[in-house]
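Chain by chain, the residues:
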Amino acid sequence: MKTQNLLTFAVALCSLFLFSCSKNDAGKARLQVALTDGPGNYEVVNIDVKDILINYSNDADKGWASLGGVKGGNYDVLRLANGKDTILADAQINTGRIQQIRLVLGDNNFVVVAGKRYDLQTPSAQQSGLKLNIHQDANEGILYKLVMDFDASRSIVTTGSGKYSLKPVIRTTLEALGGSIKGYVKPNSFATAVYAVQGTDTLAGTYTVNGAYMLKGLNAGTYTLEFAPSDNTYKKQSKPGINVTVNNVTVVDTVQLVQ
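So, here's what we can say about the structure. (Residues numbered from 1 in each chain as written. Predicted model: local features only at pLDDT ≥ 70, side-chain atom pairs only at ≥ 80, totals over all residues. Heavy atoms only, no water.)

Examining the overall build of the chain
The helix and strand tally for the chain stands at 2 helices and 21 strands. Scored against the burial criterion, the 259 residues of the chain give a buried share of 45%. If you take every contact in the chain between residues at least 6 apart in sequence, the share linking residues at least 24 apart comes to 74%. (Helix = DSSP H or I, 4+ residues; strand = E, 2+ residues; numbered from the N terminus. Buried < 20%, exposed > 50% of the residue type's maximum accessible area, 1.4 Å probe, protein only. Contact = heavy atoms within 4.5 Å.)

Some remarks on the sheet that holds strand E18 (residues 221–229)
The 4 strands are arranged E16-E15-E18-E19 in an open sheet whose pairing can be described as antiparallel. Strands at the two margins of the open sheet, each flanked by one partner only, are strand E16 (201–207) and strand E19 (237–244). Each strand axis lies, on average, 25 degrees off the axis of its neighbour in the sheet, ignoring direction. In the sheet, strand E15 (residues 192–198) pairs with E18 via 6 bridges, with the strands oriented antiparallel. Residue pairing across strands places Ala 196 opposite Leu 225, the latter belonging to E18. (Pairing = 2+ DSSP bridges. Axes fitted to C-alpha atoms, helices over the stretch in contact; angles between N-to-C directions.)

Overview of the nonpolar core
Judged by nonpolar contacts, the single largest core of 41 residues is most densely connected at Leu 31, Leu 35, Val 45, Leu 67, Ile 93, Met 148 and Phe 150. Among the secondary structure elements, those contributing two or more residues to this core are strand E1 (28–38), strand E2 (44–55), strand E5 (86–94), strand E6 (96–105), strand E9 (130–138), strand E10 (143–151), strand E12 (164–166) and strand E13 (170–176). It is E2 that contributes the most residues to this core, 5 residues altogether. Grouped together as the second largest cluster of nonpolar side chains are 18 residues, Leu 215, Ile 242, Val 252 and Leu 257 included. (Core = buried A, V, L, I, M, F, W, Y, C linked by side-chain atoms within 4.5 Å.)

Considerations on the pattern of salt bridges
In total, this model carries 10 salt bridges according to the counting rule given. Note that Arg 30 and Asp 90 form a salt bridge whose closest N and O atoms lie 2.9 Å from each other. Remark: Asp 90 occurs in strand E5 and Arg 30 occurs in strand E1; sequence separation between them is 60 residues. Residue class for Asp 90 comes out partly exposed when judged on its relative accessible area of 33%. A salt bridge links Lys 50 to Asp 48; its shortest N-O distance comes to 3.9 Å. Given the relative accessible area of 53%, Lys 50 is considered exposed. (Salt bridge = Lys/Arg side-chain N within 4 Å of Asp/Glu carboxyl O.)

A short note on the side chain of Ser 155
Inspection of the secondary structure assignment puts Ser 155 in helix H2 (residues 152–155). Polar contacts involving the side chain of Ser 155 include one to the main-chain carbonyl oxygen of Asp 151, which spans 2.6 Å. Not counting residues within four places of it along the chain, the set of residues in contact with Ser 155 comprises Phe 150, Ser 165, Leu 166, Lys 167, Pro 168 and Val 169. (Polar contact = N/O pair within 3.5 Å; in protein donor to acceptor, adjacent residues only side chain to side chain.)

Some words on the packing of aromatic side chains
For the structure shown, the criterion picks out 4 aromatic pairs. Taking 6.4 Å as the distance between ring centres and 80 degrees as the angle between the ring planes, the aromatic pair formed by Tyr 42 and Tyr 164 counts as edge-to-face. Remark: Tyr 164 occurs in strand E12 and Tyr 42 occurs in the loop between E1 and E2; sequence separation between them is 122 residues. Given the relative accessible area of 18%, Tyr 42 is considered buried. (Phe/Tyr/Trp six-rings, centres within 6.5 Å; stacked < 30°, edge-to-face > 60°.)

What to know about the environment of Ser 155
Judged by relative accessible area, Ser 155 falls into the buried class, the value being 0%. C-alpha of Ser 155 to C-alpha of Pro 168: the two residues are 13 residues apart in sequence and 4.4 Å apart in space. Among the polar contacts made by the side chain of Ser 155, one reaches the main-chain amide nitrogen of Val 169 at a distance of 2.7 Å.

Some points on the pairing of E2
In terms of residue burial, E2 counts as a mostly covered element, since 10 of its 12 residues are buried. Relative to strand E7 (residues 110–113), E2 runs antiparallel, the two sharing 3 bridges. By the bridge assignment for E7, Val 44 is matched with Val 112. In terms of strand pairing, E2 meets E6 through 6 bridges, oriented antiparallel. Across the sheet, Ile 54 pairs through a bridge with Ile 101, a residue of E6. The pairing of E2 with strand E3 (residues 64–66) spans 3 bridges and is antiparallel. From the neighbouring strand, Ile 54 faces E3, where its bridge partner is Ala 65.

Below, the structure written as structure tokens:
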């Protein structure tokens, strides 16, 4: 995507939606939820993902909220073995200690054995979602990845009457993948669009609020920052060589715009 076009578009949006966007994005971390699997003795193991819920409280029954950006649908977990995974959700989340995640499944769960499909009976206790213990902190501006490792060989139980039951066995790991960039732009009397760029790709963008900005949830790496003032009497600027490291916020020297 062309950086110049994005910058022009962003400046226009900043002037229209400055208050609402900055309010909604304050104090957030970013969480990606991925699904992977170990091998099992089946041809297909299909699970029907409906929702993913998050809970910051110690109450296992209350305080649940749905993650944004959940990609519901049918997933053959056997296609996700040998280090492969797929992203089920990519969401901005509140900071704090994540106590539990709940994976909510639908009714279209099945296995294929010797070319024949068998529906997976799901215990009633799982209808509200499978609770997964996390008990880890999420800090502002940090990108985290939660991997759900679905053990197909242990999650499917043969009843002995030609039927199969689904009792998911999932191991979870939560780790920080990247960090963030924050800084300050002067003058602070107008909004300035700020973008993190690698090569010709614009990977993240925001805008200043009273001169301050924060680009959140970036993968570790080196970026060039592009600054596009909404006041066109000031020139665009670039600041190369900004390093982002895992689980850290990189503080950039104040940028002084010139006319």
